[in-house]
Amino acid sequence: MRFSHGIFTNWTAILVLQLFMMDIALSVGKQASGNQSTGASTKYVTSAALTPATICTSIHGVTSKQMRFCEKYRSLMASIFEGIAIGIKECKFQFRKRRWNCTSLISKPPLYRNHAVPGTKEDAFTHAIIAAGIAHSVARALSSGNFTLPGVKSDTKNSINNGIQLAKEFLDGQDSKNQEIKLMNTHNNEVGLAIVRESLKRECRCHGASSSCSKRICWESLASFREIGMKIYEKIGCMQRVKTLKTRTRSGLRSTHLILDTQGSRKPRHRCLVNMKKSPTFCEPDRKHHIVGTAGRICNKTASQAEADSCSVLCCGRGYDTHEIVQKSKCFCQFYWCCKVRCKKCKKHFEITRCK
C-alpha cells in the first residue's frame, strides 16, 4: 500500500484488501446505509473478532505511518479505498476530452501503476481529486453514524472536518524519496481538502398546512462529488509553477517549502494547484511514464480547433479515420389489447472519427 507521489503503487494490494474486507463484511452480515443528507451507502466491518492485524497485515508493503493509521482506524479503511475509487472515476470524467484522460489510474496490475508524470499539472490535479475523494468518502461514513470518534458528535459539519483531518493523516503517510515532489503533492492535497471543506451547504424543507412553511427543518449536507470535481478542475486555470527553497541543514541542503518559480521568494496561493515542470504532449506512447498516446481515441471533427477533443488537437496533427456505424434498435412500438407490444426494427447510421 505504498504511495507513488501520493497514490498507491501496489494496486494488487488495494484489490486484495477490498476483496478481503468485502468477504468479511458479507460473513458478519454488516451493511450500513447512508443518512438523509448524503444518500450514500457503504459497507463497514465492525465485528469484534477482527483485529488490526487481520486487516492491516493482509497487505504487504505498507509504510509504518500507514500501518499505525490502519490499526487505529481499521473500520474506516473501506471508506479510504472507496474515496480513492471515486477520485479516479471523477478524474476520468473531468479529463475525458483531453489527451491525458486518467487511463494511467486504472487499477489493473502490473500496468499503469503510476498515476501521472510527476511534477506536471496532471499530477497536481490527480492528488487534489484523490485527496478530496478520500475526505468525502470518510465524511459520509462518519455522518452515517456507522463509525464514530470518541467524544465527537456525528453531525455533518463535524463529519466533514474530521473526514478532512483523517484524510490528511492518511495522505501524510506517503513514502516519497523526492522532497520537492512531496512538498508539491502536499500542497495539492490541501487544495482538494479545502474544496471539500467549503462544499458544506445548508438545505431546508418547509412544513405546514397548504405549504405555509410555518415550520422549517434545515440540515447541513455535503455537495455531490461531481460538484467538488468541477471546482477542482477549475483550479487548473490558476495553476502556478513552483520550485523549492533550499535551506542548509546539518545533513546538507534540504527543500523546506515551495516558492514561485519566477517571482523571487513569494509563496504560491493556497487555493491554486501547483506544478514543477511542463507536461509532455501525451501524443505518443511512452512506457517509462505510462503514457498510452492518443491513437484510436474518438475525436470530434465538428469541434473548433481550440477545443481539447477536436480532431486537430486530440490527434496531434496525425489525422483521423472515419468509421460508419450501423445501430439497430426497436422503433414505432404499439400496444395491442391485451397485452402485447409490437415494434419495428430501425437502423440508425452514424459516423465516428478516430485518431490515426
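This structure is a prediction, so every number in the text was calculated from the model and none was measured.

About the criteria used
Residues numbered from 1 in each chain as written. Predicted model: local features only at pLDDT ≥ 70, side-chain atom pairs only at ≥ 80, totals over all residues. Heavy atoms only, no water. Helix = DSSP H or I, 4+ residues; strand = E, 2+ residues; numbered from the N terminus. Expected span 1.5 Å × (residues − 1). Buried < 20%, exposed > 50% of the residue type's maximum accessible area, 1.4 Å probe, protein only. Disulfide = S-S within 2.5 Å. Arc of directions from axis to C-beta. Contact = heavy atoms within 4.5 Å. pLDDT = per-residue confidence, 0-100. Pairing = 2+ DSSP bridges. Axes fitted to C-alpha atoms, helices over the stretch in contact; angles between N-to-C directions. Patch = residues over 30% accessible without salt bridge, like charges linked within 9 Å, V, L, I, M, F, W, Y side chains within 5 Å. Areas by Shrake-Rupley, 256 points an atom, 1.4 Å probe, with all protein chains shown as cover. Salt bridge = Lys/Arg side-chain N within 4 Å of Asp/Glu carboxyl O.

Asker: What is the right way to look at helix α6 (residues 156-171) in this model?
Answerer: Residues three or four positions apart in an α-helix share a direction because the helix packs 3.6 residues into each turn. If you check α6, its first and last C-alpha atoms are 22 Å apart, about what 16 residues at 1.5 Å a residue would give, namely 22 Å. Those residues of α6 that fall on the buried side of the exposure criterion are Thr156, Ser159, Ile160, Asn162, Gly163, Ile164, Leu166, Ala167, Phe170 and Leu171.

Asker: In this structure, what is going on with the state of the cysteines? I would like to understand it.
Answerer: What we call a disulfide is simply a covalent bond connecting the sulfur atoms of a pair of cysteines. Taken as a whole and assessed by the stated rule, the structure comprises 10 disulfides. Shown here is the disulfide that connects Cys204 with Cys218, its sulfur atoms set 2.0 Å apart. Because the torsion about its S-S bond is 110°, the bridge between Cys204 and Cys218 counts as right-handed. Of the two residues, Cys204 sits in strand β5 (residues 201-207) while Cys218 sits in strand β6 (residues 215-221), which places them 14 residues apart along the sequence. According to the relative accessible area criterion, Cys204 is partly exposed, its value standing at 35%. Under the relative-accessibility criterion, Cys218 is labelled partly exposed at 27%. Between the sulfur atoms of Cys315 and its disulfide partner Cys355 the distance amounts to 2.1 Å. Torsion about the S-S bond of the Cys315 and Cys355 cystine: about -80°, corresponding to left-handed handedness. Here the residue Cys315 occupies a position in the loop between α9 (311-314) and β11 (320-336), and Cys355 occupies one in strand β12 (residues 340-355), the gap between them amounting to 40 residues.

Asker: Sorry, what's going on with helix α8 (residues 225-234) here?
Answerer: Buried within α8 are the following residues: Phe225, Ile228, Gly229 and Ile232. Buried residues of α8, viewed axially, fall in a sector of 100°; they line one side. Buried-residue contacts for α8 involve α4 (77-94), α5 (121-143) and α7 (179-197).

Asker: Is there a simple way to think about the confidence of the model for the protein in this case?
Answerer: Interpreting fine coordinate detail is not advised for predicted regions of low pLDDT. On average, residues of the protein score 80 in pLDDT, and 77% of them are at 70 or above. The least confident element of the protein, judged by mean pLDDT, is strand β4 (residues 41-42) at 35; the most confident is α8 at 97. Taken as a whole, residues 107-114 scores under 50 in pLDDT and shows 20 contacts with residues more than four places along the chain or in a different chain.

Asker: Can you walk me through the sheet that holds strand β7 (residues 240-249) in this structure?
Answerer: What links the strands of a sheet is backbone hydrogen bonding, and the strands pair in either a parallel or an antiparallel sense. Pairing is mixed in the open sheet, where 3 strands are placed in the order β8-β7-β9. Every interior strand has two partners, whereas the edge strands, β8 (252-260) and β9 (274-275), have only one. Pairing analysis gives 2 bridges linking β7 to β9, with the strands arranged parallel. When the sheet's bridge partners are listed, Gln240 is paired in β9 with Val274. Of the strands in this sheet, β7, β8 and β9 are in contact with α7, which crosses β8 at around 35°.

Asker: When you look at a nonpolar patch on the surface in this model, what are you seeing that I'm missing?
Answerer: A cluster of nonpolar residues, Phe335, Trp337 and Val341, forms a patch on the protein surface that exposes about 440 Å² of accessible area. Among the structural elements, Val341 can be located in strand β12.

Asker: Got a minute to help me understand the environment of Met230 in this structure?
Answerer: The residue Met230 is located in helix α8 in this model. In contact with Met230, other than residues within four places in its own chain, are Glu90 and Gln94.

Asker: What's the story with the environment of Ile298 in this structure? I'm lost.
Answerer: Mapped onto the fold, Ile298 is located in strand β10 (residues 298-299). Taking the C-alpha atoms as reference, Ile298 lies 8.3 Å from Cys311; in sequence the two are 13 residues apart. Leave out the neighbours within four places in its chain, and Ile298 touches Leu314, Thr353 and Arg354.

Asker: What's the story with the pattern of salt bridges in this structure? I'm lost.
Answerer: Where side chains of opposite charge bring their charged atoms close, a pairing between them can arise. In total, this model carries 9 salt bridges according to the counting rule given. Notably, a salt bridge pairs Arg226 with Glu90, separated by 2.9 Å at the nearest N-O pair. Residue Arg226 is located in helix α8, and its partner Glu90 is located in helix α4; the two are separated by 136 residues in the primary sequence. The class of Arg226 is partly exposed, set by a relative accessible area of 35%. Judged by its relative accessible area of 4%, Glu90 falls in the buried class. With a closest N to O distance of 3.4 Å, Lys201 and Glu227 form a salt bridge. Of this pair, Lys201 sits in strand β5 while Glu227 sits in helix α8, placing them 26 residues apart in sequence.

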